[in-house]
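# Architecture and fold: a report
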Amino acid sequence: MDLTPSPADEAFRAEARTWLGAHVPTVPLPSLETEEGFAAHRVWEAELAADRWSVVSWPAAYGGRDADLMHWLAFEEEYHAAGAPGRVGQNGISLLAPTLFDHGTAEQRARVLPPMATGEVVWAQAWSEPEAGSDLASLSSRAVRVAGGWRLNGQKTWSSRAAFADRAFGLFRSQPGLPKPHQGLTYLMFDLRAPGVTVRPIGRLDGKPAFAELFLDDVFVPDEDVIGEPGQGWRVAMSTAGNERGLTLRSPGRFLAAADRLVALWCDVGDRADRALRDRVANAVIGARAYQLFTYAGASRFLDGEGVGPESSMNKVFWSELDIALHETALDLLGEGGELADTAWSEGYVFSLAGPIYAGTNEIQRDIVAERLLGLPKGRR
Amino acid sequence: MRFLLDDEQRAFAASLDAMLSAADTPSAVRAWAEGDRAPGSALWSRLAEAGVFALAVPEKYEGVGPLPVELVVAYVELGRHAVPGPVVETVAAAALLNGLGERGETGPAERLLPGLAAGGSVATLAMDGGYALDADAATVLLAMEGESLYRASGHGPVRASMDRARRLARPEAGGELLARGPQVVRAARDAVTWARLATAAQALGVGLALLDRTVAYVGQRTQFGVPVGSFQAVKHRLADAKIALEFARPLLFGAALSMTPADVAAAKVTAVEAAYATARTALQLHGAIGYTAECDLSLWLTKARALRTAWGTPAECRERVLAGLSGDRPRS
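Remember, it's a predicted structure, so these values are computed and weren't measured experimentally.

Moving on to the overall build of chain B. When helices and strands are counted, chain B shows 11 helices and 9 strands. Radius of gyration (C-alpha) of chain B: 20 Å, near the 20 Å computed for a compact globule of 332 residues. C-alpha extents for chain B along the principal axes are approximately 70 × 55 × 40 Å. Taken across its 332 residues, chain B has 59% of its residues classed as buried. Once local pairs closer than 6 in sequence are excluded, the contacts in chain B between residues at least 24 apart make up 71%. Taken together, the 34 basic and 35 acidic charged side chains of chain B have centroids lying 7 Å from each other.

Written out as structure tokens, the structure is:
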């Protein structure tokens, strides 16, 4: 039981802090959910990549630093503490890349990962469909075998960042009529600008086109863009879903930095006599610390050779509720000014509201906790 | 950095769990509540043999400590098994006496700590006019009054706590003066930190016991032809209890590693809130059977409430957390 960083940990953290101190833009970039902001964030990704900071946990061959999980966590803490921009490449880096490391071919890794690391190719996820959200296996978009590849037809929706992204990845039904819905699915990558793809941006609560629906009409995908075996897509995708809920999507650094800003805000404008609000500030600070230490414990288990298990569902519920609590508390501290739409707190608040809905709703996560961690019987939803 | 218990620490927890499981703790708790201390004292001796009360006592006073991580490991088990008696207060008294020793007042430490570490004496402690837990069962009754530490010679009437195994009394004023001065106040702060850490660990154990028993119950109890644990409304309450308890755990061990008052306060408020929320869920999901004194669940239900305010209310703990963060940021 030890929380003391090693000299190597400290050196890595110091190097990251120095680099970030010299490179983080002093004027915040425009929102990455706008065309202008998307382009600005690509430039930032390229700057990160030039000094191998965009994907620190990847092997050096693909632009990373071979950083272990503890170093990655340290980097993330420094990144958010420095107020660095949001990561436009996140869907690819945190969802597709781990899948390629686990299930992709050497050729796919060599072709897909380097331009992902530089922001040259930005990826969108294409999981959900109008009739397949939490019940993802009920998806009906089809992949039909043709010479040299597959033809995709159907509709995907809630595809984050697809309005401006280059390529997408998702599951398609390649063998209909099998007994169970998660059988006969294939995991494919496709080009969002390929013939037959129509992207319709959807405005988020704040009006920004942060996601989109995709209409696929006889879209050709070559064989080399199938990940894993055709028909085995569910197994391939589930390892990605574990990553999404677990360690890679929401690193503690983000919440620690937000909690620091919240305390500073409370010191500046908080009414010391308002004990209810003070308690909420304290709860948010404690929650961020709890999430950090929970993650360290999980990372320690992972380094001992244990995989990411159903614990990642506890993670998902916790960080999504913490994120809302942090931002709600800030808005209440700001009082009337909290309503303004163009502040970092209000933008963060609107973003946080999606947390309990995406990456598997929190209701689904609670079912997983109850059934797989507590051993309660499966039953009526 | 390896933020996990090692094999020895896990084995320590497992050995305490096995010993307490075999000891019929619920009977000892019920006897303690009725004023029959024999089964509880036998339990105390066995915990002392296992080294539990030596963990906060340094080697020079015949202890093995200070070992806050092992203390947390042990007190989670004491909470899981609802062990009665001033277990937290004995640790707090040890920290106080040791704190005095570190500040040059070694007399009381040399005289009293070896007995506490070995389990031959049982201590309790009252701060500035507050209640002492189980003063009638303690052989060492300490009372802080301002800058003075007394060994009281008696106590007032014993009052029942909402947790019937906790018995509260105020020490009589005066008695033997053990120490006086600002070093006593500083040592008392150490004592509060240790007491909060032990209470937080005990509360986590209480919450885990409530959760385990409730999960077992809803797996067996059927309504509408199916186990009630198959209903989503039931599952989600238990999932929330599990999440709250599992996120209190790392705060607790993090606090044991740093032993800063702010970290310990954060762990304390989080553990007691999680345990209390779990108690509410446990009672709701047991239904009427859970509301009875004859169901063992009652031993933990009321303790969760009592620990919530023992050694610092949630509001006091939250204030301590923020004081640690905002101290160097005066309002502009």
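Here we come to the overall build of chain A. Of regular secondary structure, chain A possesses 11 helices and 8 strands. Here the C-alpha atoms of chain A give a radius of gyration of 21 Å, agreeing with the 21 Å that 2.2 N^0.38 yields for 381 residues. With the C-alpha coordinates aligned to their principal axes, the bounding extent of chain A is approximately 70 × 50 × 45 Å. Counting every position in chain A, which comprises 381 residues, the buried fraction comes to 54%. Taking as baseline every contact in chain A between residues at least 6 positions apart, the subset at least 24 positions apart corresponds to 72%. Carbon and sulfur atoms form 54% of the exposed surface of chain A, whose accessible area is close to 15800 Å².

Below, the discussion takes up the sheet that holds strand β3 (residues 140-145) of chain B. Sheets are built from strands paired through backbone hydrogen bonds, the pairs being either parallel or antiparallel. Residues and elements named next belong to chain B. Taken together, the 4 strands give an open sheet; going across it, the order is β1-β3-β4-β7, and neighbouring strands pair in mixed fashion. With one partner strand each, in any of the chains shown, β1 (123-127) and β7 (176-180) form the two edges of the open sheet. Neighbour-to-neighbour, the strand axes of this sheet turn through a mean angle of 20 degrees, independent of strand direction. Of the pairings in the sheet, the one linking β1 to β3 comprises 5 bridges and is parallel in character. Bridge assignment links Ala123 to a residue of β3, and that residue is Val140. Of the strands in this sheet, β1, β3, β4 (148-151) and β7 touch helix α5 (residues 87-102), which is tilted by about 75 degrees from β1.

All right, on to the environment of B:Ala195 then. All names here are of chain B. Inspection of the secondary structure puts Ala195 in helix α7 (residues 182-220). Once the C-alpha coordinates of Ala195 and Asp240 are considered, the two residues, 45 residues apart in sequence, prove to be 27 Å apart. Ignoring any residue separated from it by four or fewer positions in sequence, one finds Ala195 in contact with Val88, Ala92 and Trp311.

The next subject is the confidence of the model for chain B. Residues and elements named next belong to chain B. Of all residues in chain B, 98% attain a pLDDT of 70 or more, and the chain-wide mean is 96. Across residues 328-332 the pLDDT falls below 50, and counting only partners more than four positions away or on other chains, this stretch makes 10 contacts in the model. Reported confidence for the predicted complex is 0.95 by ipTM and 0.95 by pTM.

Read from one edge of the open sheet, 3 strands run β2-β6-β5 (chain B), paired in antiparallel fashion. Edge positions in the sheet fall to β2 (132-133) and β5 (159-160) of chain B, since each of these pairs with one other strand and no more.

What follows is about the interface of chain B and chain A. Chain B puts 44 residues into the contact, and the matching count from chain A is 50 residues. Between chain B and chain A lies a buried interface of about 4400 Å² when both sides are counted; carbon and sulfur atoms form 68% of it. Remark: the boundary between chain B and chain A carries 5 salt bridges. The salt bridge partner of B:Arg318 is A:Asp279, with a shortest N-O separation of 3.7 Å. Linking chain B with chain A are 13 residue pairs in polar contact (both at pLDDT 80 or more), by the criterion used here. Elements with a minimum of two residues in the side of chain B that touches chain A: α7, α8 (232-258), α9 (261-286) and α11 (314-326) of chain B. With 15 residues, α8(B) is the single largest residue contributor to the side of chain B that touches chain A. A breakdown of the residues in the side of chain B that touches chain A according to their chemical character gives 25 nonpolar, 9 polar and 10 charged.

Residues and elements named next belong to chain A. Given a rise of 1.5 Å per residue, 12 residues ought to cover 16 Å, and the 15 Å separating the end C-alpha atoms of helix α11 (residues 362-373) matches this to within 8%. Residues Asn362, Gln365, Arg366, Asp367, Ile368, Val369, Ala370 and Glu371 constitute the buried set of α11. Of the residues trailing α11, Gly375 is marked for its positive phi of about 75 degrees.

All names here are of chain A. One can find Asp323 in helix α9 (residues 311-334). Under the relative-accessibility criterion, Asp323 is labelled buried at 3%. Sequence-distant contacts of Asp323, that is, excluding residues within four places in its chain, are made with Arg254, Phe255 and Ser352.

Next up on the list: helix α2 (residues 25-33) of chain B. All names here are of chain B. By the criterion of burial, α2 is predominantly enclosed, with 7 of the 9 residues buried. Here α2 has its buried residues at Thr25, Pro26, Ala28, Val29, Ala31, Trp32 and Ala33. On its buried side, α2 packs onto α1 (7-22), α3 (38-49), β6 (167-169) and α10 (297-309). Backbone geometry just after α2 places Gly35 at a positive phi near 90 degrees.

On to the packing of aromatic side chains, then. Taken as a whole, this structure holds 23 aromatic pairs over all chains when the rule is applied. With 5.4 Å between their ring centres and 85 degrees between their planes, A:Phe255 and A:Tyr291 make a pair best called edge-to-face. Taken together, the residues span a long stretch of sequence, with A:Phe255 in helix α7 (residues 252-269) and A:Tyr291 in helix α8 (residues 275-303) at a distance of 36 residues. With respect to class, A:Phe255 is no different from A:Tyr291; both count as buried. Note on A:Phe294 and B:Phe247: the rings are 3.9 Å apart at their centroids and 20 degrees apart in plane angle, and the pair reads as stacked.

This next bit is on the pairing of strand β2 (residues 142-146) of chain A. Residues and elements named next belong to chain A. Direction of pairing for β2 relative to strand β3 (residues 149-160): antiparallel, over a ladder of 5 bridges. Across the sheet, the residue bridging to Val144 is Arg151, located in β3. The loop that links β2 with its antiparallel partner β3 comprises 2 residues; one of these, Gly148, has a positive phi angle of about 80 degrees.

Our next topic: the packing of α8(A) against α8(B). It is the contact of α8(A) with α8(B), at a shortest axis distance of 8 Å, that shows an interaxial angle of 85 degrees. Our classification of the angle between α8(A) and α8(B) gives roughly perpendicular. Touching A:Ile286, A:Arg289, A:Ala290, A:Tyr291, A:Leu293 and A:Phe294 of α8(A) are B:Glu246, B:Phe247, B:Pro250, B:Leu251 and B:Gly254, all from α8(B). In terms of residue class, the contact of α8(A) with α8(B) is made up of 8 nonpolar, 1 polar and 2 charged.

Turning to unusual backbone geometry, a few remarks are in order. That bond from B:Gly65 to B:Pro66 is cis: its omega, 0 degrees, falls within 30 degrees of zero. Secondary-structure assignment places B:Pro66 in the loop between α3 and α4 (68-80). For A:Asp218, which is not a glycine, the phi torsion comes out positive at approximately 55 degrees. Within the fold, A:Asp218 resides in strand β7 (residues 211-222). You can call A:Asp218 partly exposed: its relative accessible area is 42%. Positive phi, normally seen in glycine, also occurs at B:Asp128, with a value near 40 degrees. Secondary-structure assignment places B:Asp128 in the loop between β1 and β2.

A separate point is the packing of α8(A) against α9(A). Residues and elements named next belong to chain A. Relative to each other, α8 and α9 sit at 155 degrees, their axes nearing to 9 Å. Here α8 lies roughly antiparallel to α9, going by the angle between them. Between α8 and α9 the crossing geometry is left-handed. For the pair formed by α8 and α9, the contact residues are Leu277, Arg280, Val281, Ala284, Gly287, Ala288, Ala290, Tyr291, Phe294 and Arg301 on the first element and Glu311, Met314, Asn315, Phe318, Trp319, Leu322, Leu326, Glu328, Thr329, Asp332 and Leu333 on the second.

Definitions and cut-offs
- Residues numbered from 1 in each chain as written.
- Chains lettered and ligands numbered in written order.
- Predicted model: local features only at pLDDT ≥ 70, side-chain atom pairs only at ≥ 80, totals over all residues.
- Heavy atoms only, no water.
- Helix = DSSP H or I, 4+ residues; strand = E, 2+ residues; numbered from the N terminus.
- Rg over C-alpha atoms; globule rule 2.2 N^0.38 Å.
- Buried < 20%, exposed > 50% of the residue type's maximum accessible area, 1.4 Å probe, protein only.
- Contact = heavy atoms within 4.5 Å.
- Lys, Arg positive; Asp, Glu negative; His and termini not counted.
- Charge placed at Lys NZ, Arg CZ, Asp CG, Glu CD.
- Areas by Shrake-Rupley, 256 points an atom, 1.4 Å probe, with all protein chains shown as cover.
- Pairing = 2+ DSSP bridges.
- Axes fitted to C-alpha atoms, helices over the stretch in contact; angles between N-to-C directions.
- pLDDT = per-residue confidence, 0-100.
- Buried area = accessible area lost by both parts, 1.4 Å probe.
- Salt bridge = Lys/Arg side-chain N within 4 Å of Asp/Glu carboxyl O.
- Polar contact = N/O pair within 3.5 Å; in protein donor to acceptor, adjacent residues only side chain to side chain.
- Nonpolar A, V, L, I, M, F, W, Y, C, P; charged D, E, K, R; others polar.
- Expected span 1.5 Å × (residues − 1).
- Phe/Tyr/Trp six-rings, centres within 6.5 Å; stacked < 30°, edge-to-face > 60°.
- Parallel < 35°, antiparallel > 145°, perpendicular 65-115°, else oblique.
- Left-handed = near helix turned anticlockwise from the far one by under 90°.

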